[in-house]
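Now for the letters of each chain:
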Amino acid sequence: NPHIDHPYVLMDQVYPGPILSLQTIWVLQDLTLENGATTAVPKSHLNCAWPDSSFSREAQPILAPAGSIIFMHGAIWHGTMANQSSQERSNLLITFIPPWIQPLSKVDKNLVGTASSSILKELLGHNNIRFLRKRLKEKQGVQYSKVEKP
């Protein structure tokens, strides 16, 4: 199951520029060889490519005790080992992406509507384009014209 993460997974060719996603694994239960640790190929994000057959030879397990946080570039080749234990293994995955990249899962619009401030609404993904344009204008003096729908 080797893969790369969003948004790289949507690209025909992996973008070699600045990082577009940072994946974190919040280890809730020890990651061990027995319970199916995450595996990764070190520095594979520098390949700017999808995982290939070399993954099985080069992947290394990431072993970590509960309470650890693992940080990975979104384009690093990674997967998980089979869980050989009799226990389920759970971890919390959180991906950080710039505001102009649409998340894979959207926040419920009802939740956004109950937000008490415009800043909180922006953080929950309400009108990311407006938020980005505002920030760019503040930082760089960039001007945008409104595009009319056909």
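Our subject is the structure listed above.
Here the structure is a predicted model, which means the values were calculated and not measured.

## Brief notes about the nonpolar core
Counting nine residues, the largest nonpolar core consists of Ile4, Tyr8, Val14, Leu20, Val41, Phe55, Ala75, Trp77 and Ile101. In contact with Phe55, other than residues within four places in its own chain, are Pro2, Thr39, Val41, Trp77, His78 and Gly79. Residues Val27, Ala64, Ile70 and Met72 belong to the second largest nonpolar core, which totals eight residues.

## Focus on the environment of Thr39
Tracing the chain through its elements places Thr39 in strand S2 (residues 38–40). For Thr39, a relative accessible area of 8% puts it in the buried group. Between the C-alpha atoms of Thr39 and Thr80, which are 41 residues apart in sequence, the distance is 5.4 Å. Once residues within four sequence positions are removed from consideration, Thr39 is found in contact with Phe55, Ala59, Gln60, Pro61, Trp77, His78, Gly79, Thr80 and Met81.

## Some words on the sheet that holds strand S3 (residues 60–62)
Strand order in the open sheet made by the three strands is S3-S2-S5, with antiparallel pairing throughout. Each edge of the sheet is formed by a strand with only one pairing partner; in this case those strands are S3 and strand S5 (78–80). On average, each strand axis in the sheet is inclined to that of its neighbour by 35°, with strand direction left out of account. Both S2 and S5 contribute to a ladder of three bridges, which runs antiparallel. Counted as the bridge partner of Thr39 is Gly79 from S5.

## Some words on the side chain of Asn35
Along the chain, Asn35 turns up in the loop between strand S1 (22–27) and S2. Only 2.6 Å separates the side chain of Asn35 from the backbone oxygen of Asp30, close enough to count as a polar contact. A distance of 2.9 Å separates a polar side-chain atom of Asn35 from the backbone nitrogen of Thr32. Each residue touching Asn35, except ones within four places of it in the same chain, is listed here: Asp30, Ala82, Asn83, Ser85 and Arg89.

## Details of the sheet that holds strand S6 (residues 91–96)
Across the sheet, which stays open at both edges, the three strands sit in the order S4-S1-S6 with antiparallel pairing between neighbours. The open sheet has two free edges, formed respectively by strand S4 (69–73) and S6, since each of these has just one partner strand. Strand after strand, the sheet turns through a mean of 20° between neighbouring axes, direction not considered. Pairing analysis gives five bridges linking S1 to S4, with the strands arranged antiparallel. Paired with Trp26 across the strands is Ile69, a residue of S4.

## Topic: the environment of Pro16
When you line up the elements, Pro16 lands in the segment before S1. By relative accessible area, which is 62% here, Pro16 ends up exposed. On a C-alpha basis, the gap between Pro16 and Ala49 in space is 9.2 Å, while along the polypeptide they are 33 residues apart.

Rules behind the numbers
Residues numbered from 1 in each chain as written. Predicted model: local features only at pLDDT ≥ 70, side-chain atom pairs only at ≥ 80, totals over all residues. Heavy atoms only, no water. Core = buried A, V, L, I, M, F, W, Y, C linked by side-chain atoms within 4.5 Å. Buried < 20%, exposed > 50% of the residue type's maximum accessible area, 1.4 Å probe, protein only. Contact = heavy atoms within 4.5 Å. Helix = DSSP H or I, 4+ residues; strand = E, 2+ residues; numbered from the N terminus. Pairing = 2+ DSSP bridges. Axes fitted to C-alpha atoms, helices over the stretch in contact; angles between N-to-C directions. Polar contact = N/O pair within 3.5 Å; in protein donor to acceptor, adjacent residues only side chain to side chain.

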